[in-house]
Amino acid sequence: MRSDTIKTGPERAPHRSLLKAIGLTDPDMRKPFIAVCNSYTDIIPGHAHLDMVGEYIKQAVRRAGGVPFVFNTIGICDGIAMGHTGMKYSLPSREIIADSVEAMINAHCFDAVICVPNCDKIIPGMYMGTLRCNIPTVFVSGGPMEAGRLPDGTETDLIDVFYAVAKHQRRQITDRTLKLVENRACPGCGSCSGMFTANSMNCLGEALGMAIPTSGSLLATSPARMQLYRSAAERAVKMAQEWAKVGCSDKYALLPRNICTRNAFHNAMVLDMAMGGSTNTALHLLAMAHEAAVAFTLKDIDTISKKVPNICRVAPSATPQGKIYHMQDIHRAGGIHTILGQLVKDRPGLVMEDAMTVTGKTLGDNIAAYSLRNGRTSQAARQLVAAGWVPSGKTVSQVRNDLASPPAGKAPATPKDNYADGFDPTDVIRPTANAFTKQGGLVVLHGNIARDGAIVKLAGVDPAMYVHSGPARIFESQEEACEGILQGKVKPGDVVVIRNEGPRGGPGMQEMLAPTSYIKGAGLGDKCALITDGRFSGGTAGACIGHVAPEAAAGGEIGLLRNGDIIEIDLATAQTLNAKVSTAEFARRRKTYKPHKPRFATGYLARYAAMATSADTGAILDWKQLAKADGKKNSRH
């Protein structure tokens, strides 16, 4: 076993002594050491129950024949960090998480790892770290949040609170109404209830082949999740034992780099396009592919987008009839493998079914077992779907208590008829013949202000805004844009430009849910477009184009735009983003252009800004950039 490095032989007596200090015994030394890479923290709703999830998984690892060790990563709540300097740390935290995962796994020579993420940067950070280490790995998320519910029965979520703020600012709703939405939108633990970045990434893990099936959509509050946690523990121990038998060879089939192949990344992006995931998924998949040494680029994402129809609309996106669905509806309709199964049935060849997964079976095998629409779904899978979507209204404390004292031998209660209330699963997950759009939920754009590309979530755009032309209304930061929008400076027809918010310029490429929500809350969602070298929350909807590359801080043309320049956008047909500015004029402007001074001169953000690349490469860190910066600094001394 890999862990023999720290526990076997006379020279490792000091190591064993330290391990015995934490309760291990001599028999434990003969078992695989299983890391439980947790992301528990009190301040993130998606993670507030994960301490008990970690304890539950520890017990399951013990029962499966392994020795468990929990360690935690940091975690930043994007919603709480939103709209102030804290958000600049969000994307950079992905690199800290990846580094910490790598450090803990390699320093302690674990035989396998179970990753328990739930939100935003934590998920890709864990993937990046485990891809570097390349030991048997299983992902199982903490689950999505239940949708909130207003007194009239209307479902609600976090994004509605942002919309309510804009309406309140314009005196369209009262203090009392704002407080009501605030109190009802987020009813308990779990990753926010729409197809925002957290849930998008957890769902993509199933298509990538690294996550336990149904992990992305089964509600955090459901007792059925305990079965997923047990499955993750059993798989990790078994995989560690199998790996040990082959001498911990890199050729062992179920190592992360053997699972996360080019076909696996293709499958993940096919799912993303079909379900209309967050634009941030493109950023993270590119970074993950880089760690896996897989040639997967923005061009590949563009190619997939043109082939895969968008068959799901989940909050913040609405159906043409104005219906808003949430993650519990996706699960109720069959979950991620039902989406994939619909694509397999309707468009053979879109999904690479022979891709291997952590279950020990191919993705095609998993689809056969878990898709509700193929007539072959196992009873166990049907039970997980039937039980896992039902809102319980449980608080964080109640969920934690359930995990601490699970009901012995008692299966979760399930409704007698899953669709008795008129719920239509074929409207949540549509056949491709009835797709919302022929192309994917995400679209890649190019043009003279996006030479290296930009991304828009087409699934969240009103068709009236697919083609738009208007004058640029430029803001040099998110804060400046928020102030301008709330003060009424943005007019119908404008194209809001928010620049110097890229990975290097921000720094940190902070999510900009506030300005996009304010635009929608001001009634301008179908009248204005927004472009930025920054990025958006997965909760963003509207004609909001992000990840413009090169960013302003890297010399991109977005930095050369001036107020009043006409911006022309074609989202669905030509897929272009252009300014009516000639090449010669851009060249003249560049001669007098003065880039903004770095916003941070010390600390982690200064170091991050010195190394960060633009969004088209996943905003990964280029260590050569830091070496260049250090070289210049030393040459001045």
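See the structure printed just above.
Here is a short report on the structure shown in this document. (Residues numbered from 1 in each chain as written. Predicted model: local features only at pLDDT ≥ 70, side-chain atom pairs only at ≥ 80, totals over all residues. Heavy atoms only, no water.)

## Some words on the overall build of the chain
Of regular secondary structure, the chain possesses 25 helices and 14 strands. The C-alpha radius of gyration of the chain comes to 24 Å, within 12% of the 26 Å expected for a compact globule of 637 residues. By principal-axis analysis of the C-alpha atoms, the chain measures approximately 75 × 75 × 50 Å. Here the chain holds 637 residues, and 59% of them are scored as buried. Here the chain displays about 24000 Å² of accessible surface, and carbon together with sulfur accounts for 52% of that area. (Helix = DSSP H or I, 4+ residues; strand = E, 2+ residues; numbered from the N terminus. Rg over C-alpha atoms; globule rule 2.2 N^0.38 Å. Buried < 20%, exposed > 50% of the residue type's maximum accessible area, 1.4 Å probe, protein only. Areas by Shrake-Rupley, 256 points an atom, 1.4 Å probe, with all protein chains shown as cover.)

## Some remarks on the packing of helix α7 (residues 158-169) against helix α22 (residues 513-521)
As a packed pair, α7 and α22 sit with axes 8 Å apart at the nearest point and diverge in direction by 60°. It follows from the interaxial angle that α7 and α22 lie oblique. Here the hand of the crossing between α7 and α22 comes out right-handed. Counted together, Ile 159, Phe 162, Tyr 163, Val 165, Ala 166 and Lys 167 of α7 and Leu 513, Ala 514, Ser 517, Tyr 518, Lys 520 and Gly 521 of α22 form the full contact between these two elements. (Axes fitted to C-alpha atoms, helices over the stretch in contact; angles between N-to-C directions. Parallel < 35°, antiparallel > 145°, perpendicular 65-115°, else oblique. Left-handed = near helix turned anticlockwise from the far one by under 90°. Contact = heavy atoms within 4.5 Å.)

## Structural notes on the nonpolar core
One finds Ile 57, Ile 114, Phe 265 and Ile 339 to be the most contacted residues of the largest nonpolar core, which totals 122 residues. No other element matches the ten residues that helix α10 (residues 225-245) contributes to this core. Once residues within four sequence positions are removed from consideration, Ile 339 is found in contact with Leu 271, Ala 274, Met 275, Ile 311, Cys 312, Ile 330 and Ile 429. If you look at the next biggest cluster of nonpolar residues, it comprises 30 residues, including Leu 445, Ala 454, Tyr 466 and Ala 552. (Core = buried A, V, L, I, M, F, W, Y, C linked by side-chain atoms within 4.5 Å.)

## A few points about the pairing of strand β1 (residues 33-38)
Remember that side chains alternate between the two faces of the sheet whenever the strand is regular. Counting buried residues along β1, six of its six residues qualify, which places the element largely inside the surrounding structure. Covered by surrounding structure in β1 are Phe 33, Ala 35 and Cys 37 together with Ile 34, Val 36 and Asn 38, the residues of both alternating faces. Bridge count between β1 and strand β2 (residues 67-72): six bridges; the pairing is parallel. In the sheet register, Cys 37 faces β2, and the bridge partner there is Phe 71. Note on the crossover from β1 through helix α3 (residues 50-64) to β2: the handedness is right-handed. As paired elements, β1 and strand β3 (residues 112-116) share five bridges and run parallel to each other. Its bridge partner lying in β3, Ala 35 is registered against Val 113. (Pairing = 2+ DSSP bridges. Right-handed = clockwise from strand over helix to strand, strands pointing away.)

## Quick word on the packing of helix α6 (residues 122-133) against helix α13 (residues 280-291)
Running from amino to carboxyl end, α6 crosses α13 at an angle of 10°, the nearest separation of the two axes being 8 Å. Judged on the interaxial angle alone, α13 and α6 are roughly parallel. Contacts from Pro 124, Tyr 127, Met 128, Leu 131 and Arg 132 in α6 reach His 284, Ala 287, Met 288 and Glu 291 in α13. Here the residues of the contact of α6 with α13 are counted per class, giving six nonpolar, one polar and two charged. (Nonpolar A, V, L, I, M, F, W, Y, C, P; charged D, E, K, R; others polar.)

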